[in-house]
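Descriptive analysis of the structure
Here's the letter readout for the chains.
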Amino acid sequence: MAAAPKTIPRHIAIIMDGNGRWAANHGLPRIKGHEKGADAVRACVEACGELKVEYLTLYAFSAENWQRPKTEVFALMRLLEKFLKEKTAELLEKNVRLQAIGRLTDLPLNCQRQLHESIERTAGNDGLTLVLALSYGARLEIIDAIQSLLREIEAGHIDKAMINPDLFSKHLYTRYYPDPDLLIRTSGELRLSNFLLWQLSYTEIYVTPKLWPEFGKEDLRAAVADFAQRQRRYGVV
Ligand code: IPE
Ligand code: IPE
Ligand code: MG
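These remarks concern the structure in this document. (Residues numbered from 1 in each chain as written. Chains lettered and ligands numbered in written order. Predicted model: local features only at pLDDT ≥ 70, side-chain atom pairs only at ≥ 80, totals over all residues. Heavy atoms only, no water.)

1. Points about the sheet that holds strand S2 (residues 55-62)
Where we set the bar: Two strands are said to pair when DSSP picks up at least two bridges between them. Secondary structure elements are taken from DSSP: a helix is a run of H or I of four residues or more, a strand is a run of E of two residues or more, and numbering for both begins at the N terminus. What counts as an axis is a line fitted to C-alpha atoms, over the stretch in contact for a helix, and the angles between N-to-C directions run from 0 to 180 degrees.
In space, the six strands of this open sheet follow the order S3-S4-S2-S1-S5-S6, with parallel pairing throughout. Looking at which strands have only one partner, the edges of the open sheet turn out to be strand S3 (97-101) and strand S6 (204-207). Averaged over all pairs of adjacent strands, the angle between strand axes in this sheet comes to 20°, irrespective of strand direction. Inspection of the sheet shows strand S1 (residues 11-15) paired to S2 by five bridges, in the parallel sense. Note that in S2 the partner of Ile15 across the bridge is Tyr59.

Structure follows, in structure tokens:
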């Protein structure tokens, strides 16, 4: 039997796309779009807190995004550091616990330091868990999980016959979180762009033409209302 519909997703994941297009539409350099995009995060965090969503995962920088022009990458890293520096107090005030997934050691050292400081400072919060995907690529995550499993096998901690979807999930960066119930992608693109390939197997997908810098509380609520109408079947009848 299909599971009873849950109106509020426990875990929402968002591909925050369209900063560059927003900037172009306003005759501004791309980085202005990223700045505006960073500001848009607040509304979603607030709306998720109000709706009692437990986890919000934001795709902020992909493993592939390193291939963008150096100036844009540099500006994005500076923006990340500034965002963390300026917003940690607000996260504390809103009882938000910050976490991060991805190849975090690829980030510039000052970003890593600031990230770990923000994570530590908010570690005791028990409201919304905000997970930033940084230098994140799902294929890399899956490869990292395989490497981790191989190490465990070589060390004699597990036997290869024990490998199943549950055990595999425990070796992903996302091992502490349930799979997303709802995936939102802004800017209308109909693709996953190497985001959470394993975890999104049964996630409901919502794509909006709105560009990320324009995505507000009402838009998040509209996505959640749409989710509430979905019938999740997980392959059964
Ligand atoms: C998303 O906006 C932010 C990042 C990928 C860092 P984009 O920069 O991809 O914006 P578009 O897709 O060019 O409009
Ligand atoms: C996905 O957006 C990555 C983030 C939102 C961080 P991209 O703009 O990088 O994806 P593509 O290039 O359109 O697939
Ligand atoms: Mg894009």
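2. Observations concerning the site of ligand 2
In plain terms, the rule: When we say a residue is near a molecule or strand, we mean one of its heavy atoms is within 4 Å of it. Each polar contact in these results corresponds to two N or O atoms within 3.5 Å; when the atoms are within protein, one needs to be able to donate a hydrogen and the other to accept it, and residues that are neighboring in sequence are counted only if both atoms are side-chain atoms. Using a 1.4 Å probe, the Shrake-Rupley method yields the accessible areas, and only the shown protein chains count as cover for residues. Put simply, Ala, Val, Leu, Ile, Met, Phe, Trp, Tyr, Cys and Pro go in the nonpolar bin, Asp, Glu, Lys and Arg in the charged bin, and everything else, Gly too, in the polar bin.
Taken together, Ile15, Met16, Asp17, Tyr59, Ala60, Phe61, Ser62, Asn65, Arg68, Arg185, Arg191 and Ser193 make up the full set of residues adjacent to ligand 2. Asn65 has a polar side-chain atom sitting 3.0 Å from an oxygen atom of ligand 2. For ligand 2, an oxygen atom lies 2.8 Å from a polar atom in the side chain of Arg191. Within the complex, the protein chains bury 78% of what would otherwise be the 390 Å² of accessible surface of ligand 2. Here the shell around ligand 2 is built from residues that sort into five nonpolar, three polar and four charged.

3. A short note on the site of ligand 1
Every residue close to ligand 1 is listed here: Met16, Asp17, Gly18, Asn19, Gly20, Arg21, Arg30, His34, Ala60, Asn65, Arg68 and Leu76. Here an oxygen atom of ligand 1 sits 2.9 Å away from a polar atom, N or O, in the side chain of Asp17. Backbone polar atom of Arg21 to an oxygen atom of ligand 1: 2.8 Å apart, as the coordinates give it. Secondary-structure elements contributing two or more residues to the shell around ligand 1 are helix H1 (19-25) and helix H2 (30-51). Considering each element in turn, the shell around ligand 1 owes the most residues, three residues, to H1.

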